[in-house]
Amino acid sequence: MINIKCERLLWSALLIVFAAINQAGATSPTHAPNIVLILADDVGYGDLGCYGSKRSTPEIDRLAREGFRSTDCLVASNVCGPSRAALMTGRYPMRCGHPISRHNTTKYENYGIAGDELTIAELLKTAGYTTKLVGKWHLGFHVDGSHPLDAGFDEYLGLHSNYSKNLGDADTLYRNREVLEAKVEFEKITKLYTDEVVNFIQAERDAPFFICFSQHIAHAPILPSEAFQGTSGKGRGSAYGDFLLELDHSVGRVRAAVKEAGIAENTLIVFLSDNGPANNGSAKPLSGGKYVTMEGGHRVPAIFDWPGRVPAGVVSDAMITSMDLLPLFCHVSGVPVPSDRTIDGKDLFGLITGATEQSPHDMFYYYNGLNLQAVRKGKWKLHLPRTIDDQPYWARRAGGNRKKIHLALKQPMLFDLKTDTGEKANIISKHPEVASELVKRAEHIRAELGDVHATGSDQRPHGLINPNEKE
């Protein structure tokens, strides 16, 4: 631990020097914007009005109308923990050592985000940012070096994992490292979180701030607060609709707080989901959902709002990833992107501000746990052969979606995502040369990041025994 802390302190000191020099073209730290990241949980591509849902989500839809909406944002994992690790570090889960989603059981007692991984919060602190996390962490709260306060956040309030009354302290509300309330009622959490975020935004301060509002909506249990019960109508799925309306209302309150504080023109708000939907949500028109490497598991809603800097009403089909947030936030804060490690994310500043319409990515790699399952280049996506035994535990159960997800695949399958976002028509026989190139790309990244039966040259050890099994 001493070595890890020393390394972090040394890197932080170097970053402060670099930030003072300032990168060419980067925003001066003196005028660095506040950053509000709203991270929804298990909200699907087809769950929001602005993405074609019949459900009403007026506040999120307004955010999209007044900002930049991506129709092709990919997260690095189809489950919570690895997706969040990749977002926080800008690195694929296999590269940052967190490819498996953790649970509150003895198997995962020492499994968390590695102490010497650099997070968004740590990097922004070098530019003088005040940093706060509200909500779900899911990256090793009780593991030495993996607590939010160890990962660059000045303050923390939340339920550190998925809510449960039956697993350890999964129904305990923490402030920083201390218990604020044990056995808290889940139905009151969203309002409590939102109040905390609003108060933080409206507080007077001299330095810019970064706040990550990590919602529990719409992860199970589907328990909207009393104020929202029945507000979306009656019948099947109404509780889920109520839950989404509560999320939408929370987003509206956060956005209103930014305006009321008079800082809207100097605040970048980002909204996205951590992965595709579970059983209750919708990924339409995509196939699959949470737990799988079909587009519905990895392609999520993503919205960027920054009045005066991000043009209103832009809808982009350029491929971006959640890992891009780290280099984007580094750009706007004047902090250099770490150069002592591979950062898989790319700077989105030019894209979201209208300087370019092109994707910053040539390739994207779809891992399911430790298993490389698909490779994408531009519009082409190649699903790779795999067996059921290759799958992590969550894919094998897959929420009852087995007919759509190709758990076992003897031959590769090729799809044109530009004309077939639902991945319905396998066209590998028409484009063997494309498939051949993507197979070579898969071999290259497998050698670098690893696979179930291979260790990559830049794969960080995860330390789990039988990682494909839950227990």
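Structure: see above.
For clarity, every value in this text was computed on a predicted model and none was experimentally measured.

### Re the layout of surface pockets
And then number 1: Looking at the largest pocket, its volume works out to about 590 Å³.
And then number 2: Lining the largest pocket we find 34 residues, and of these Asn162, His219, Lys290, Tyr291 and Arg397 sit closest to its centre.
And then number 3: Sort the elements by how many residues they give to the lining of the largest pocket and helix α11 (residues 393-397) lands first, with three residues.
And then number 4: Among the residues making up the lining of the largest pocket, the classes are represented as 15 nonpolar, 13 polar and six charged.
And then number 5: Lining the second largest pocket we find 19 residues, and of these Asp72, Asp317, Arg376, Leu417 and Lys418 sit closest to its centre.
And then number 6: Each residue belonging to the lining of the second largest pocket can be placed in one class, and the counts come to six nonpolar, six polar and seven charged.

### Structural notes on the pairing of strand β13 (residues 371-377)
And then number 1: Burial runs high along β13: six of the seven residues are buried.
And then number 2: For strand β12 (residues 363-368) and β13, the ladder comprises six bridges, and the chain directions are antiparallel. Bridging across to β13, Phe364 finds its partner in Arg376.
And then number 3: Taken together, β12 and the strand that follows it, β13, pair antiparallel across an intervening segment of two residues, in which Gly369 is found at a positive phi of about 65°.
And then number 4: Bridge count for β13 against strand β14 (residues 380-383) is four bridges, and the pairing is antiparallel. Each residue of the ladder has a partner; that of Lys377, found in β14, is Trp380.
And then number 5: Connecting β13 to the antiparallel partner β14 that follows it, the hairpin turn spans two residues, and Gly378 within it adopts a positive phi of roughly 60°.

### Some remarks on the state of the cysteines
And then number 1: In the structure shown here, the tally under the stated rule is zero disulfides.
And then number 2: Cys212 supplies the cysteine sulfur nearest to Cys80, a cysteine that is in no disulfide, at a spacing of 13 Å.
And then number 3: Note on Cys330: no disulfide assigned, nearest cysteine sulfur contributed by Cys212 at a separation of 15 Å.

### Section: the pattern of salt bridges
And then number 1: Following the criterion strictly, the structure yields 31 salt bridges and no others.
And then number 2: For Lys132, the salt bridge identified is with Glu196, shortest N-O distance 2.6 Å. Remark: Glu196 occurs in helix α6 (residues 189-202) and Lys132 occurs in strand β3 (residues 130-135); sequence separation between them is 64 residues.
And then number 3: Take Lys132: its relative accessible area is 3%, and that puts it in the buried class.
And then number 4: Asp340 is paired through a salt bridge with Arg341; the nearest N and O atoms lie 2.9 Å apart.
And then number 5: What makes Asp340 partly exposed here is its relative accessible area of 44%.
And then number 6: Salt bridges sharing partners connect three or more residues here, namely Asp72, Glu295, Arg299, Arg376, Lys381 and Glu423.

### Some remarks on the nonpolar core
And then number 1: Grouped together as the largest cluster of nonpolar side chains are 50 residues, with contacts concentrated most on Trp137, Phe210, Phe304, Leu325, Leu328 and Phe329.
And then number 2: The element that contributes the greatest number of residues to this core is helix α9 (residues 325-333), accounting for six residues.
And then number 3: With residues near it in sequence (within four places) discarded, Leu328 still touches Leu268, Phe304, Asp347, Leu348, Phe349 and Ile352.
And then number 4: By size, the runner-up hydrophobic cluster in this structure holds 44 residues, among which are Val36, Ile60, Val197 and Val198.

Calculation rules
- Residues numbered from 1 in each chain as written.
- Predicted model: local features only at pLDDT ≥ 70, side-chain atom pairs only at ≥ 80, totals over all residues.
- Heavy atoms only, no water.
- 1 Å grid on protein atoms, 1.4 Å probe; cavity = no way out; pocket = protein on both sides within 12 Å on 5 of 7 lines; lining within 4 Å.
- Points joined across faces, edges and corners; volume = space filled by probe spheres on them.
- Helix = DSSP H or I, 4+ residues; strand = E, 2+ residues; numbered from the N terminus.
- Nonpolar A, V, L, I, M, F, W, Y, C, P; charged D, E, K, R; others polar.
- Buried < 20%, exposed > 50% of the residue type's maximum accessible area, 1.4 Å probe, protein only.
- Pairing = 2+ DSSP bridges.
- Disulfide = S-S within 2.5 Å.
- Salt bridge = Lys/Arg side-chain N within 4 Å of Asp/Glu carboxyl O.
- Core = buried A, V, L, I, M, F, W, Y, C linked by side-chain atoms within 4.5 Å.
- Contact = heavy atoms within 4.5 Å.

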